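Structural description and commentary
The primary structure of each chain is shown beneath.
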Amino acid sequence: MKQILGRKMGMTEVFAEDGTMYPVTVIEVLPNVVTQVKTVETDGYNAIQVGLDEKKESRANKCEKGHAKKAGTPVYYNYRELKGDEMTNYKVGDQVTVDMFQAGDVVDVVGTSKGHGYSGTIKRWNMSIGPKGHGSGYHRGQGSFANQGRYNHGVMPGKHMSGHYGNESSTILNLLVVAVYPEKNAILIRGGVPGAKKSLVVIRSAIKTQLGQKEVVKPLIDRTPKQEAVEEAAPEAAE
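Anyway, here's the lowdown on the structure attached to this text. (Residues numbered from 1 in each chain as written. Predicted model: local features only at pLDDT ≥ 70, side-chain atom pairs only at ≥ 80, totals over all residues. Heavy atoms only, no water.)

**A word on the environment of Thr73**
Under the convention used in this document: Numbered from the N terminus, helices here are DSSP runs of H or I no shorter than four residues, and strands are runs of E no shorter than two. Exposed residues in this analysis have more than 50% of their type's maximum accessible area, buried residues have under 20%, and partly exposed residues fall in between, with area computed by a 1.4 Å probe over protein chains only. Only heavy atoms matter for contacts: two residues are in contact if any of them lie within 4.5 Å across the pair.
Here Thr73 lies in the loop between helix H2 (62-71) and strand S5 (75-82). For Thr73, a relative accessible area of 13% puts it in the buried group. Once the C-alpha coordinates of Thr73 and Val34 are considered, the two residues, 39 residues apart in sequence, prove to be 8.5 Å apart. Every residue in contact with Thr73, bar those within four places of it in the chain, is listed here: Val33, Val34, Thr35, Ala68 and Gly93.

**Re unusual backbone geometry**
Located in the positive-phi region is Gln148, a residue other than glycine, with phi close to 55 degrees. Taking relative accessible area as the criterion, Gln148 reaches 65% and is therefore assigned exposed. The phi dihedral of Asn174 is positive, around 55 degrees, even though this residue is not glycine. With respect to the element layout, Asn174 can be found in strand S10 (residues 169-181).

**Regarding the sheet that holds S10**
Note the following rule: One requirement defines pairing of two strands: DSSP has to find at least two bridges between them. Axes, fitted as lines to C-alpha atoms, cover a helix only where it is in contact. Angles between the N-to-C directions of the axes lie from 0 to 180 degrees.
Here we have 6 strands rolled up into a closed barrel, ordered S1-S2-S11-S10-S7-S12, and antiparallel in their pairing. Looking at each pair of strands side by side, their axes are set apart by 50 degrees on average, direction ignored. As paired strands, strand S7 (residues 106-112) and strand S12 (residues 200-205) are joined by 5 bridges and run antiparallel to one another. Bridge assignment links Asp108 to a residue of S12, and that residue is Arg204.

**Focus: H2**
Note the following rule: Definition of a polar contact: a pair of N or O atoms within 3.5 Å, with one able to donate and the other able to accept a hydrogen when the atoms are protein atoms, and with sequence-neighbouring residues admitted only if both atoms are side-chain atoms.
Of the residues flanking the start of H2, the one acting as N-cap is Asn61, its side-chain oxygen 3.2 Å from the backbone nitrogen of Cys63. At the C-terminal side of H2, Gly72 shows a positive phi close to 75 degrees.

**What about the environment of Leu175?**
Structurally, the position occupied by Leu175 is in strand S10. Residue Leu175 is classed as buried on the basis of its relative accessible area of 10%. Expressed as a C-alpha distance, the spacing of Leu175 and Val107, which sit 68 residues apart in the sequence, is 5.2 Å. Contacts of Leu175, omitting those with residues within four sequence positions, involve Asp105, Val106, Val107, Val109, Ile189, Arg190, Gly192 and Val193.

**Side note on the pattern of salt bridges**
In plain terms, the rule: The working definition used for a salt bridge is a side-chain nitrogen of Lys or Arg within 4 Å of a carboxyl oxygen of Asp or Glu.
A complete count under the given rule lists 6 salt bridges for this structure. With its nearest N and O atoms 3.2 Å apart, the salt bridge here joins Lys55 to Glu64. Given a relative accessible area of 23%, Glu64 falls into the partly exposed group. The residue Arg190 makes a salt bridge to Glu215 at a minimum N-O spacing of 3.1 Å. Taken together, the residues Arg190 in strand S11 (residues 186-190) and Glu215 in the loop between S12 and helix H4 (227-238) connect sequence positions 25 residues apart.

Interpretation note: all reported values are geometric properties and have no functional meaning in isolation.
In C-alpha cells form, the structure reads like this:
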C-alpha cells in the first residue's frame, strides 16, 4: 500500500477533451522527507516517519532538534507515520514524491473533518424536526429516551444526542485520481475530501477496491500557454 502526506488546497473543475467535466479537489503534495524508519525488531511494526513543512531551528524545542539531528534532516512542523509494503523500501533522508500515483488510480483519503462545535441532534445526526404548528411544543428535541426496560439505570450507550460534532478523523474511500503533476507537486482527486482548506490529508492506495472498479480517465485539456504564444506576447508587453 502506497501512502503520502499532502495538504488540501480547495476544489475546482477540469475538462476532458471530449467535454467531460471532473469536479476535483486539488491537493498540494510537497516531497515528504523520511525522518525515521521503524522496524519490527526495534518498534514492533514496520513504518516510516515523514516530515512536511520545514521549520526554523530557532523555533524548535530541544526534542525536535535532537530528533532532526539524529536523522540528519531539518526540523518540520508536521510529522506522520506511513505504513505499507511499498513504504519499507525508503531510508532516512529519502523523499516520498507524488509521482508514486498515476491518473486512473483508486485511492482513499484520510483527513480531519471540519469542526462544528456543540450541535443539536437535527444537525449532528440528521434527525427529523418536530411539527411547527397546531400548538406543538416539540420542535428540535432529542426524542424519547425510553428503552423498553432494557437499561433503566441510565441512557443506553450509543444514543444519538446533542454534543461535539466534527473535528475527528474521517476517511473517504475509493476516490479516482484524475491527474498528477509532479513538477507542480499537485494531485487532482475527483470529489470532495475531508477537512478545511489547507488541512493535512493522507492519500493511500484503496484498501476496499471493488472488482472492475478501475476507471479510465479521459485526456484533459492542456491549458498551458504554448511557447510560440509566449514569445509573441513578450514584445507586445514590452511596448
